[in-house]
Amino acid sequence: MMYPAGPGSGDSPEGFPEQPRLQPQIGNCTAQTLDAFFTCRKNALLAKSSSPQVEGDFAMAPRGHDQEECEGLLQQWREEGSSQVLSTENEGPLVDKGLAQSSLALLMDNPGEEDAASEGKWSSRQLSDLRAAENLEEPLPGVLGEEPLPEVEGPMWAAVPMQTDPQYADCAVLPMGPLTAEQWEEDPAVVAWSIAPKPVPQEEALMWPFEGLGQLQPPQMEIPYHEILWREWEDFSTQPDAQGLEAGDGPQFQFTLMSYNILAQDLMQQSSELYLHCHPDILNWNYRFANLMQEFQHWDPDILCLQEVQEDHYWEQLEPSLRMMGFTCFYKRRTGCKTDGCAVCYKPTRFRLLCASPVEYFRPGLELLNRDNVGLVLLLQPLVPEGLGQVSVAPLCVANTHILYNPRRGDVKLAQIAILLAEVDKVARLSDGSHCPIILCGDLNSVPESPLYNFIRDGELQYHGMPAWKVSGQEDFSHQLYQRKLQAPLWPSSLGITDCCQYVTSCHPKRSERRKYGRDFLLRFRFCSIACQRPVGLVLMEGVTDSKPERPAGWAESVLEEDSSEPEPEPEPVFPRTVGTIQHCLHLTSVYAHFLPQHGRPEVTTMPLGLGTTVDYIFFSAESCENEERTDRRLYQDGTLKLLGRLSLLSEEILWAANGLPNPFCSSDHLCLLASFGMEVTAP
């Protein structure tokens, strides 16, 4: 790593004002003696001082530019001060404490002599160092009483103030070199993905020229971001399923899917207090966009599900760039005045679109559903290579959503999930009543093992009387006196969704035997009692309104009298509502286990306010295993959709080491989720 030059060097770096060199004219010999003394004394102070100010504000750096100048001063001191050095040797060794006292007295006692003009050249920092040297209890070896210091090839070391910022006080891995002003002008994506500095060869290590003095070593090389945030690929393709069969047996259609909350720029600026730990440059959208696109190119998924996609950024940058990468994209903006939404992108070389259904959770007039969150459901037909012959693959239903964040409104979250599951049930239902393979992913703003998570995984939830904050498990509000509790039914029948999360034919079903209003039926009202009465205010017109119709013999006065013998119609059928329970029959399970056994820590997908948690998921169609004795990672039974692999997540401690999220390597406050699947290929 390159270190900035110290104060007083020939080339002072930007941000470090050049300090005047110590050159007081207090006699030829004395001036040179003090010059050499301060160079040695300052290094000794830094090496031995335990002051946190010295440790925090200074670091050791080579002063290669002043090497020749220092050697010249040292040689001049030897030549001109040899007589005084000899006299000093006869008197006895002079420790540096005495030198400091005599030097300080010389400066303070002669302010009015000819050296007063040169005294102004002394900097306040140098005077404070000199006074500190006077009070130093542990004396250093004599400077004048020893043999001249040997000449050492290589740069000397000096203390330089480091550019620090309070928001980086706890970050030990932020690279100094790549974040300088000159480096930020380069391609931001290149800076972020090649941030590892070049290692320094061992033979170039600098030597410490002063024997007997402790050396303050330069800070250790920072670990590159890509090594801290390294994520392993977990391969399940050869791991047997519940029946002992290999996941890769038989021909398969394999594909990868990524789910990623990319952090909308508008939302980031509205909640800027959440990102005070980040350098402003890495929050710039152009920097983040380049990083995101490079991440997409690196993992190269076949299906890409994005959340928090800002609308103008989508149409101006994301969609054109993804189209150039071979994606076909669908976007749904949030309702109301919101500027972000969800997007689902797929490669037309791998899939053919069957249908696309945008989902809006906002329902006018319903207080439960007055939020602007949305979802997107696509039905895709996998395209089998021609080399496999006449084979077929079942369609694939992909659902992407971003659920309400508010931790207190679990009732709203459940209602939004119910609408999404109803839409998935309609899109994925086959002619025989079963469902095609389903993948449901997105930011659900709920933690693992929460009631909402368990409802998606287990297919049933008893919610009656449950506190609303408990649904998502994001925060604990049990200490509050008033708590909103869920009541049955959770949503009104007018929503048109049953407690099994399925659409009904109509909110108000029609009667099974409704009358047909044909001509014969209407003629029966021709001579009814109401028809034979003259309307009030009817204009009298001869030959038109002046005659009264005569009822033929045997014609009933009332149609109701004629129909009085018919049985009463049956009451309108109402779809069944369970008491305080909701269900679904999609058989979903999570791709991730939400725990890192090798670290003994839970997985996290985001770090709001420095607290790691999991809120992003990929669920897919799979039957749960009933055998509780299974100890492997696949606690489910594969169907037509098999999990072949996944990109591992990280722990909170690892993200802390990388200064949280976002950082120069990961440009969102969420981690991406990536999984590989295989679908059975069957003969027709």
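Being a predicted model, the structure only gives us computed values, none of them experimental.

## A few points about the pairing of strand S17 (residues 616-621)
No. 1: For S17, the tally of buried residues reaches 6 of 6 residues, placing the bulk of the element in the interior.
No. 2: Across the two faces of S17 the burial is the same, with Asp616, Ile618 and Phe620 and Tyr617, Phe619 and Ser621 all buried.
No. 3: As paired strands, strand S11 (residues 438-443) and S17 are joined by 5 bridges and run antiparallel to one another. Following the sheet pairing, Leu440 is matched in S17 by Phe619.
No. 4: Sheet topology note: the strand S14 (residues 588-590)/S17 ladder contains 3 bridges and is antiparallel. By the bridge assignment, Ser590 is partnered in S17 with Phe619.

## A word on the sheet that holds strand S7 (residues 340-346)
No. 1: With respect to topology, 7 strands assemble into an open sheet ordered S3-S20-S21-S4-S5-S7-S6, the strand pairing being mixed. In this open sheet, the two edge strands, each paired with only one partner strand, are strand S3 (233-235) and strand S6 (328-333). Pairwise comparison of adjacent strand axes, ignoring direction, gives a mean angle of 20° for this sheet.
No. 2: Relative to strand S21 (residues 673-680), strand S20 (residues 641-647) is paired through 5 bridges, and the arrangement is antiparallel. Within S21, the residue paired with Lys642 across the bridge is Gly678.
No. 3: Across the sheet, helix H12 (residues 285-299) is in contact with strand S4 (252-261), strand S5 (303-310), S20 and S21; its angle to S4 comes to roughly 165°.

## A closer look at the nonpolar core
No. 1: With 65 residues, the main nonpolar core has Phe255, Phe296, Ile303 and Phe677 as its most contacted residues.
No. 2: Sequence-distant contacts of Phe296, defined by excluding residues within four places in its chain, comprise Met258, Tyr260, Ile262, Pro301, Leu304, Leu306, Leu318, Leu322 and Met325.

## Observations concerning the sheet that holds S14
No. 1: Read across the sheet, 6 strands follow the order S8-S9-S10-S11-S17-S14 without closing on themselves; strand pairing throughout is mixed. Lying at the two open borders of the sheet, with one neighbouring strand each, are strand S8 (351-360) and S14. With direction set aside, neighbouring strand axes in the sheet form an average angle of 20°.
No. 2: Where strand S9 (residues 374-382) meets strand S10 (residues 396-402), 6 bridges bridge the pair, whose relative direction is antiparallel. Directly across from Gly375, in S10, lies its bridge partner Thr401.
No. 3: With respect to the sheet, helix H14 (residues 410-428) is in contact with S8, S9, S10 and S11, its orientation differing from that of S10 by roughly 165°.

## Concerning the environment of Cys585
No. 1: Note that Cys585 resides in the loop between strand S13 (581-583) and S14.
No. 2: Placed 126 residues apart in sequence, Cys585 and Gly459 show a C-alpha to C-alpha distance of 6.2 Å.
No. 3: With near-sequence residues (within four places) excluded, Cys585 lies in contact with Asp425, His435 and Gln502.

## Focus: the pairing of S6
No. 1: As defined by bridge partners, S6 adjoins S7 across 6 bridges and the pair is classed as antiparallel. Directly across from Cys329, in S7, lies its bridge partner Cys345.

## Quick word on a nonpolar patch on the surface
No. 1: Together, Val539, Met541 and Val544 give the surface a local cluster of nonpolar side chains, amounting to about 290 Å² of exposed area.
No. 2: Secondary-structure assignment places Met541 in the loop between helix H16 (519-523) and helix H17 (559-562).

## Focus on the pattern of salt bridges
No. 1: According to the stated counting rule, one finds 16 salt bridges in the structure shown.
No. 2: One salt bridge in this structure joins Glu311 and Arg333, with 3.4 Å as the shortest N-O distance. Taken together, the residues span a long stretch of sequence, with Glu311 in helix H13 (residues 311-324) and Arg333 in strand S6 at a distance of 22 residues.
No. 3: Overall, the relative accessible area of 28% leaves Arg333 in the partly exposed class.

## A word on the packing of H12 against H13
No. 1: Here H12 crosses H13 at 30°, and the two axes come no closer than 11 Å. Relative to H13, the element H12 lies roughly parallel. For the pair H12 and H13, the crossing hand works out as right-handed. Contacts between H12 and H13 involve Trp285, Asn286, Phe289, Met293 and Phe296 on the former and, on the latter, His313, Gln317, Leu318, Ser321 and Leu322.
No. 2: Residues of the contact of H12 with H13, tallied by class, amount to 6 nonpolar, 4 polar and no charged.

## Regarding the packing of aromatic side chains
No. 1: For the structure on display, the rule yields 14 aromatic pairs.
No. 2: Residues Tyr314 and Tyr331 carry aromatic rings whose centres are separated by 4.5 Å and whose planes lie at 15° to one another, so their mutual orientation is stacked. Taken together, the positions of Tyr314 in helix H13 and Tyr331 in strand S6 put the pair 17 residues apart, joining distant regions of the chain.
No. 3: Looking at Tyr331, the relative accessible area reads 16%, which means it is buried.
No. 4: Seen in terms of ring centroids, Trp315 and Tyr331 are 6.4 Å apart; in terms of plane orientation they differ by 75°. Their pairing is edge-to-face. You can see Trp315 sitting in helix H13 and its partner Tyr331 sitting in strand S6, a full 16 residues away along the chain.
No. 5: What makes Trp315 exposed here is its relative accessible area of 51%.

## Topic: unusual backbone geometry
No. 1: Across the junction of Ala488 and Pro489, the peptide omega takes the value -5°, indicating a cis bond.
No. 2: Here Pro489 shows up in the loop between strand S12 (460-462) and H16.
No. 3: Cis geometry is adopted by the peptide bond preceding Pro662, which originates at Leu661 and carries an omega value of -5°.
No. 4: Relative to the elements of secondary structure, Pro662 occurs in the loop between helix H18 (652-657) and S21.

Calculation notes
- Residues numbered from 1 in each chain as written.
- Predicted model: local features only at pLDDT ≥ 70, side-chain atom pairs only at ≥ 80, totals over all residues.
- Heavy atoms only, no water.
- Buried < 20%, exposed > 50% of the residue type's maximum accessible area, 1.4 Å probe, protein only.
- Helix = DSSP H or I, 4+ residues; strand = E, 2+ residues; numbered from the N terminus.
- Pairing = 2+ DSSP bridges.
- Axes fitted to C-alpha atoms, helices over the stretch in contact; angles between N-to-C directions.
- Contact = heavy atoms within 4.5 Å.
- Core = buried A, V, L, I, M, F, W, Y, C linked by side-chain atoms within 4.5 Å.
- Patch = residues over 30% accessible without salt bridge, like charges linked within 9 Å, V, L, I, M, F, W, Y side chains within 5 Å.
- Areas by Shrake-Rupley, 256 points an atom, 1.4 Å probe, with all protein chains shown as cover.
- Salt bridge = Lys/Arg side-chain N within 4 Å of Asp/Glu carboxyl O.
- Parallel < 35°, antiparallel > 145°, perpendicular 65-115°, else oblique.
- Left-handed = near helix turned anticlockwise from the far one by under 90°.
- Nonpolar A, V, L, I, M, F, W, Y, C, P; charged D, E, K, R; others polar.
- Phe/Tyr/Trp six-rings, centres within 6.5 Å; stacked < 30°, edge-to-face > 60°.

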